[in-house]
Amino acid sequence: MDIILTISLLASNRRDSLKRCLDSLKPLLVKIPTELIIVLTGTDGKVREIAESYTSQIIPFEWCNDFSAARNTGLNMAQGEWFLYIDDDEWFDDVSEICQFFLSGEYQNYCSAHYIQRNYQNWYGTKYSDFSAYRMTHRFPETCFRGAVHEELTPRREPCKYFETCVHHYGYAKETGNRSAGKTSRNIPLLLQAVETRPGQTKNYIQLAKEYDLAGDWKLAEEYCRTGLTVCQDSHSQGWLLAFLTYLVSKNPRKKAAMDEIESMAAQKKPSQLIRLVLLQQMIHLCAEAKESEKAVCYGKEFEKLLNEMDEEAAAWEQQSYGEFDENYVKSPEHLYGTRADCAACALEIKDWKSAGDFLKLFPWEAEEILARYYPRFEEWTEKYGAHFSELLLQVLSEMTGSLGLSDVLETSAYADAPVSVYLLFCKAIDLLEKGEKEQGMNLFLFCVGHTEDSYLHQLCLKEILHNHISVIPLVAQMDLDAFHHLVETVVKESPLSLNSRLLVCEEEIAERYPLHSLCLKKYRLEQKLLKGYPLWDEFIGILEAYCQCIIEFYKGLYQKEWLREENSRFLPEEYRFARIALKGLEALKGEDMTKAVRLFRDVFHIRPEMTGVVTELFRQAANRLDDPMLHAGEEFLQLAAQMKETLRTLTAAGQTAQAEVVLNQLLPLLPEDLELIRCRQEFIRRRSL
């Protein structure tokens, strides 16, 4: 029997998604003369064990940052007439269309094929984009992969078959925001008429530029700014138009062209010191976006020098101000510290640690309410630059504390008299813990937990609690249930599945003293396993049932008993209604009443659409089970199947391949989910091809 199809799969260390991926390939392995080749790029022994249960063709591959090299390894071993490739974090929804393509002989009329890759943008399965991916080809001598990243299978020959079949892929899952469009101002027609009547009046051009900008038409706003500059005779108006034009020009996607124009305008118009500051802020931001890091640092130093000069002669601010471009504009936290953040980022990028430290020292470390917006950016820099950036932060802390030692800082009264940034203290605590100074580090960490109300710092604290096996009780003790609920939701969604066991430890630790907080943690822990754990049927059902029961228990602790009656359910939170209906749906599935289950879970879709991915996968696995005769067989059938499998093993061991294949062909249609038989069939096919 010739091999019609080779399936090649790259397997890293994603054991959970690998199970689901391989499970979705079973119909192809059973119905089509198929070989499965797994190119093992990871080091997880459990992954290899899973792979070996499906095929004997396991190819170890030492990762070299070249996807084509790994793909070509599997391709070079392929013996199938056709070749299909897939990743271990993808799985097919339904392969019946592909099966029919080969069973009908249609494949003989094509040279290539596409199937759909469904890329989800969040973990709920509600936001995704479909991409028609070239993933299947008739094997030609010249067939190969090219490109180290986003590798391409070549050549692609016509005619090409386009399948509706799709693989699910959560590799890009994330949340994205939307931006609404502006509305046209009713003042624009009046201003246009005024410009026509009095073309030399600068104010009309200023107002038109503002109105068109608010309406979202930046090109027209730019046009009226430029026209206004040609007719303007007043230096203050000219300064405003120049500053606003700089802002508009910066919207140009060609950042280098925008930078060149702003530099040219600044040289020609010779703006006042204040307008020069505004232009420098915009230039620094553009340089940061364009990766012109050295130039941004130079402009940053010029900005700080000019800012000091303006502060030394206070009257200059008032004398040079016009409209919104004044001292408050330049020194607004968004503009001033945004500028310094860009400068620090660029200095870090070129490894100019001294300049980076100088810009960092200018942050408002004593004003947590302003500083807090930059915590996420600081964390990005910590991850990117490691010890270099951490050392800069510790230097800032050292200058802030001066002669005040850490033991003094831990005294609440001393902290109140000389406030020190909690974020910097948090960084110091982590530094001490990493250096093995556990007692001092732990004391400082617990101090930080008790002296911040910032939600992002709470997130950082909880993450460290999970990673460093610290007690979660001090954090829980100072948080109300709503705040803790939001905290856990955010952190668990961002955490890898590998921390799920640590979440369980924390959940058990607080269960007695803070039962509702514990249930809240349990709910998101189980939700994480449902969304990211890739469970198969028995585990899937168990987790979903526990998840729903946990939600029910949580609301029993919040509401009086009469509020939880069936007739009041429509007044209760959506997740409670979801859990109540889903439990009934699970009972229907267990009783194989698919009609009732579908009806109930259809209601669930409307209540919590973010659980679309979970419910869809539940029905996919349920449908597969309904087609498995082993689940509906009697005792006599099971005994006969066991005897036939034993006979198959005996014949195979004795080298009687022909007789063994007869038994296998009788047995496999009866047990299409049996991995031992699937693996055995591939082995027989491979031997015949040698």
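A quick note: this is a predicted structure, and the numbers were derived from the prediction, not measured.

**Student:** In this structure, what is going on with the overall build of the chain? I would like to understand it.
**Tutor:** What the chain contains, in helices and strands, is 34 helices and 10 strands. In terms of overall dimensions, the chain has a C-alpha envelope of 100 × 65 × 55 Å along the principal axes. Within the chain, the fraction of its 690 residues that count as buried is 51%. Of the contacts formed within the chain by residues at least 6 apart in sequence, a portion of 67% connects residues at least 24 apart. When the accessible area of the chain is evaluated, it comes to approximately 33300 Å², of which 50% is carbon and sulfur surface. Positive and negative side-chain charges of the chain, numbering 78 and 105 respectively, have mean locations separated by a distance of 3 Å.

**Student:** Before we go on, may I ask you to explain the pattern of salt bridges in this structure?
**Tutor:** For side chains bearing opposite charge, pairing can occur when the charged atoms are close. Counted by the stated rule, this structure contains 46 salt bridges. The partner of Lys529 in a salt bridge is Glu539, and the shortest N-O contact between them spans 3.9 Å. With Lys529 in helix H27 (residues 515–532) and Glu539 in helix H28 (residues 537–556), the pair connects residues that are 10 residues apart, well separated along the chain. The exposure class assigned to Glu539 is partly exposed, which follows from its relative accessible area of 42%.

**Student:** Just checking my understanding: could you explain the nonpolar core for this structure?
**Tutor:** Buried together is how nonpolar side chains tend to be arranged in soluble globular proteins. Phe378 and Trp381 are the most contacted members of the largest nonpolar core, which has 157 residues in total. With 12 residues, the single largest contributor to this core is H28. Among all residues touching Phe378, those that are not within four sequence positions of it are Leu360, Phe363, Trp365, Leu371, Phe389 and Tyr423. Listed in part, the 50 residues of the second largest apolar core include Ile4, Ala11, Cys21 and Val167.

**Student:** When you look at helix H32 (residues 635–653) in this model, what are you seeing that I'm missing?
**Tutor:** If you check H32, its first and last C-alpha atoms are 27 Å apart, about what 19 residues at 1.5 Å a residue would give, namely 27 Å. All of the buried residues in H32 are Ala641, Met644, Lys645, Leu648 and Leu651. One side of H32 carries all its buried residues, which in axial view fall inside an arc of 125°. More than 90 degrees from the buried face of H32, the exposed residues found are Glu635, Glu636, Gln643 and Ala653. Buried residues along H32 sit against helix H33 (657–667) and helix H34 (675–689).

**Student:** Hey, could you run me through the state of the cysteines in this one?
**Tutor:** Two cysteines form a disulfide when their sulfur atoms are joined by a covalent bond. Counted by the stated rule, this structure contains zero disulfides. Looking at the unpaired Cys287, the closest cysteine sulfur is the one in Cys346, lying at 7.3 Å. The thiol of Cys298 is unpaired, and the distance to the nearest cysteine sulfur, on Cys287, comes to 9.3 Å. Judged by relative accessible area, which is 53%, Cys298 ranks as exposed.

**Student:** What am I meant to see in the confidence of the model for the chain here?
**Tutor:** Detailed reading of the predicted model is not advised wherever pLDDT is low. A residue-level look at the chain finds 94% of positions with pLDDT of 70 or above and a mean pLDDT of 89. Within the model, the stretch residues 175–184 combines pLDDT values under 50 with 11 contacts to residues more than four positions away or in other chains.

**Student:** Mind showing me how you'd approach the sheet that holds strand S7 (residues 128–138) here?
**Tutor:** Adjacent strands of a sheet form backbone hydrogen bonds with each other and so pair up, either parallel or antiparallel. Read from one edge to the other, the open sheet built from eight strands follows the order S3-S2-S1-S4-S7-S6-S10-S5, with strand pairing classed as mixed. Two strands lie at the open edges of the sheet, namely strand S3 (58–60) and strand S5 (90–92), each paired on one side alone. In this sheet, adjacent strand axes meet at a mean angle of 30° when their direction is disregarded. Together, strand S1 (5–11), strand S2 (34–40), strand S4 (82–87) and S5 form the strand contacts of helix H1 (residues 15–31), whose direction differs from that of S1 by roughly 175°. Contacting S1, S4, S5, S7 and strand S10 (160–169), helix H4 (residues 96–103) crosses the sheet at an angle of about 150° to S10.

**Student:** How should the environment of Pro474 be read in this particular structure?
**Tutor:** As for its placement among the helices and strands, Pro474 is situated in helix H24 (residues 473–477). When the C-alpha atoms of Pro474 and Phe359 are compared, they prove to be 35 Å apart, with 115 residues separating the residues in sequence.

Parameters and conventions
Here the residue numbering is sequential within each chain, running from 1 through the sequence in written order. The predicted nature of this model means local features are confined to residues of pLDDT at least 70 and side-chain atom pairs, given and counted, to a pLDDT of 80 or more, with totals for whole chains, interfaces and linings taken over all residues. In computing side-chain properties, one takes all heavy atoms of the structure into account and sets aside hydrogens as well as water. Secondary structure elements are taken from DSSP: a helix is a run of H or I of four residues or more, a strand is a run of E of two residues or more, and numbering for both begins at the N terminus. Each residue gets one of three labels from its accessible area relative to the maximum for its type: buried under 20%, exposed over 50%, partly exposed in between, using a 1.4 Å probe on protein chains only. We call two residues in contact whenever any of their non-hydrogen atoms come within 4.5 Å of each other. Computed with the Shrake-Rupley method and a 1.4 Å probe, the accessible areas treat only the protein chains shown as cover for residues. Counted charges follow a simple rule, with Lys and Arg positive, Asp and Glu negative, and His plus the chain ends left uncounted. In plain terms, the charge of a residue is placed at NZ if it is Lys, CZ if Arg, CG if Asp and CD if Glu. Each reported salt bridge corresponds to a side-chain nitrogen of Lys or Arg within 4 Å of a carboxyl oxygen of Asp or Glu. Remark: nonpolar core denotes a set of buried residues (Ala, Val, Leu, Ile, Met, Phe, Trp, Tyr, Cys) joined through side-chain atoms within 4.5 Å. The span expected for a helix works out to 1.5 Å for each residue beyond the first. Arc definition: it is the arc formed by the directions from the helix axis to the C-beta atoms. By disulfide we mean two sulfur atoms from cysteines, separated by a distance within 2.5 Å. Per residue, pLDDT captures the predictor's confidence, and it can take any value from 0 to 100. For two strands to be treated as a pair, DSSP must find no fewer than two bridges joining them. Between N-to-C directions, angles span 0 to 180 degrees; the directions come from axes that are lines fitted to C-alpha atoms, helices contributing only their stretch in contact.

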